[in-house]
Each structure stands twice: as C-alpha cells, then as structure tokens.
Amino acid sequence: MSEPNPKAELLRYLQEGRDALVWKLEGLSEYDVRRPLTPTGTNLLGLVKHVAGVELGYFGDTFGRPFFREEPPGWWYTQDAEPNADMWATSDESREDIVGLYRQAWEHSDATIASLALDTVGRVPWWPEERREMTLHHALVRVISDTQRHAGHADILRESLDGSTGESKGRNSLPAEDRAWWENHRGRLERVARRFGE
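Summary of the structure given here. (Residues numbered from 1 in each chain as written. Predicted model: local features only at pLDDT ≥ 70, side-chain atom pairs only at ≥ 80, totals over all residues. Heavy atoms only, no water.)

## Digging into the overall build of the protein chain
Inference 1: For the protein chain, the count of helices and strands is 6 helices and 2 strands.
Inference 2: Its helices and strands in sequence order give the protein chain the pattern α-α-α-α-β-β-α-α, from N to C terminus.
Inference 3: The C-alpha extent of the protein chain, read off along each of the three principal axes, is 55 × 50 × 35 Å.
Inference 4: Counting only residues that meet the buried cut, the protein chain has 36% of its 198 residues in that class.
Inference 5: Taking contacts inside the protein chain between residues at least 6 apart in sequence as the whole, the part at least 24 apart equals 72%.
Inference 6: Taken as a whole, the protein chain presents about 12200 Å² of accessible surface, with 51% of it coming from carbon and sulfur.
Inference 7: Computing the positive centroid from 25 side-chain charges and the negative centroid from 34, the protein chain places the two 5 Å apart. (Helix = DSSP H or I, 4+ residues; strand = E, 2+ residues; numbered from the N terminus. Buried < 20%, exposed > 50% of the residue type's maximum accessible area, 1.4 Å probe, protein only. Contact = heavy atoms within 4.5 Å. Areas by Shrake-Rupley, 256 points an atom, 1.4 Å probe, with all protein chains shown as cover. Lys, Arg positive; Asp, Glu negative; His and termini not counted. Charge placed at Lys NZ, Arg CZ, Asp CG, Glu CD.)

Dropping the structure here:
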C-alpha cells in the first residue's frame, strides 16, 4: 500500500468543488446565471467570481505570490471595494471572463500548493495584524470548505431554476425516481411540516 499524500487528497476535494461550481452554469442563459435568486442576491455567476477571488487571495497574496501584477480589479478585497462586489458580475464582465479567471486561479493556486510545504506560513493581508499568520494546510482546508459550501448553494440555485441536480452531469446521488414520485415526496414533507406550523 502506498503512502498517503495529504496534498493530493486535499486537492482532490478542492477540484471536485471547483468542477461542480463551473458545471452548474452549463446550459443556462446569461440571465439565469446572473439573476439574483435569494433576498441577498445570491446568483450562480457571482458564486464563481467569489471563489475565484478566495483562491487568488489565500493561495496568492497570502503566500507572497500575487496574481494581479498591476492594479487589481475594483471588486478585489480593498477598502474601496463596493460591499459584496465579488458576489455578482457587472454588465462588463462576461461569463467567459469570470469562468476564465476561475480557471486561471486554479492554475495559480495549484502552482502555489505544489511549490510549498503544507506547514509553510503565509500572512493574510486582509485579516487583523495579530492573527494574520496561516499555514498552507490551513489555507487549503479553509478554501475547500468555502468552495464546497458555495457548491452547495449552487446546487440549490440550479435545482430551483431547471430541476438539475448532482455534482456533475451523470453524477447524481439522489434516488432514481420519476417526477411524480418527487412531487408526492415533497407533498408528504409539506403535510408533516404543516402539522408543526398550525
């Protein structure tokens, strides 16, 4: 049996979340990937933009490997950034721009991860001075958690748009039942819930 490779294991879970987020955009109109689907404006393309920024911050600037060589975009984590600017795409930002940035972030992150030991210490520029230090291992766990959390958000948003479910095309862990079964199941849950709401 081969020795476990902690970095490879962590990267596998990170990549699964990355792939799931990008897949959730496939086949949708420009309107549907951008439209706010919650009271706080959560939208699919904004989730991808956000996680691109998360990776570029934690695996770039934190470890002295900034991605933006010149002036970062206005939505980047600066004091001048509009609140929530990283959670939606402006009319000047295309789906291709944002997905492309996310894929570039993967490459940049993967290069950082490959070149550093898990116990390498970086400094998170946007955290308070007294707690800025973070190991690469901590950064990986944090970014995996954030990515998978937002992939879960994307699951719910996509299902509400067109009923698509699962981690990727053809990979669905739900029971293989027809639409009528799911409608009956949902109705049953609603009846049970109403008993507690009356």
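## Focus on the nonpolar core
Inference 1: Counting 27 residues, the largest nonpolar core has Leu-21, Leu-25, Leu-44, Leu-45, Leu-47, Val-48 and Tyr-102 as its most contacted members.
Inference 2: Only α1 (6-23), α3 (44-59), α4 (95-115) and α5 (136-162) provide two or more residues apiece to this core.
Inference 3: Among the elements that take part in this core, α3 stands out by supplying 7 residues, more than any other.
Inference 4: In this view, Leu-47 contacts Leu-21, Thr-42, Met-87, His-150, His-153, Ala-154 and Leu-157; residues no more than four positions away in its chain are not counted. (Core = buried A, V, L, I, M, F, W, Y, C linked by side-chain atoms within 4.5 Å.)

## Side note on the packing of α3 against α5
Inference 1: Interaxial distance between α3 and α5 falls to 10 Å at its minimum, and their mutual angle equals 175 degrees. The angle between the axes of α3 and α5 places the two elements in the roughly antiparallel class. Here α3 contributes Leu-44, Leu-47, His-50, Val-51, Val-54, Glu-55, Tyr-58 and Phe-59 to the contact with α5, which in turn contributes Leu-136, Ala-139, Leu-140, Arg-142, Val-143, Asp-146, Thr-147, His-150, His-153, Ala-154, Leu-157 and Leu-161. (Axes fitted to C-alpha atoms, helices over the stretch in contact; angles between N-to-C directions. Parallel < 35°, antiparallel > 145°, perpendicular 65-115°, else oblique.)

## Section: α3
Inference 1: Compared with the 22 Å implied by 1.5 Å per residue over 16 residues, the 23 Å span of α3 between its first and last C-alpha is a close match.
Inference 2: Burial analysis of α3 places 16 of its 16 residues in the buried class, the great majority of the element. (Expected span 1.5 Å × (residues − 1).)

## Observations concerning the packing of aromatic side chains
Inference 1: By the definition in use, this model includes 4 aromatic pairs.
Inference 2: An angle of 70 degrees between the planes, with centres 6.2 Å apart, marks the rings of Tyr-58 and Trp-127 as edge-to-face. Of this pair, Tyr-58 sits in helix α3 while Trp-127 sits in the loop between β1 (121-123) and β2 (133-135), and the two are 69 residues apart along the sequence. For the residue pair Tyr-58 and Trp-127, the accessibility class agrees, reading buried in each case.
Inference 3: A centroid spacing of 5.1 Å and a plane angle of 85 degrees characterise the contact between Phe-67 and Phe-68, whose relative ring orientation is edge-to-face.
Inference 4: Among the aromatic residues, those joined into a cluster by ring pairs are Tyr-58, Trp-126 and Trp-127.
Inference 5: Here the guanidinium or amino end of Arg-12 rests over the ring plane of Tyr-13, the centre of that ring lying 4.3 Å away.
Inference 6: Directly above the ring of Trp-127 sits Arg-131, whose terminal nitrogen or CZ lies 5.0 Å from the centroid. (Phe/Tyr/Trp six-rings, centres within 6.5 Å; stacked < 30°, edge-to-face > 60°. Lys NZ or Arg CZ within 6 Å of the ring centre and 35° of its normal.)

All quantities given are derived from atomic positions and should not be read as evidence of function.
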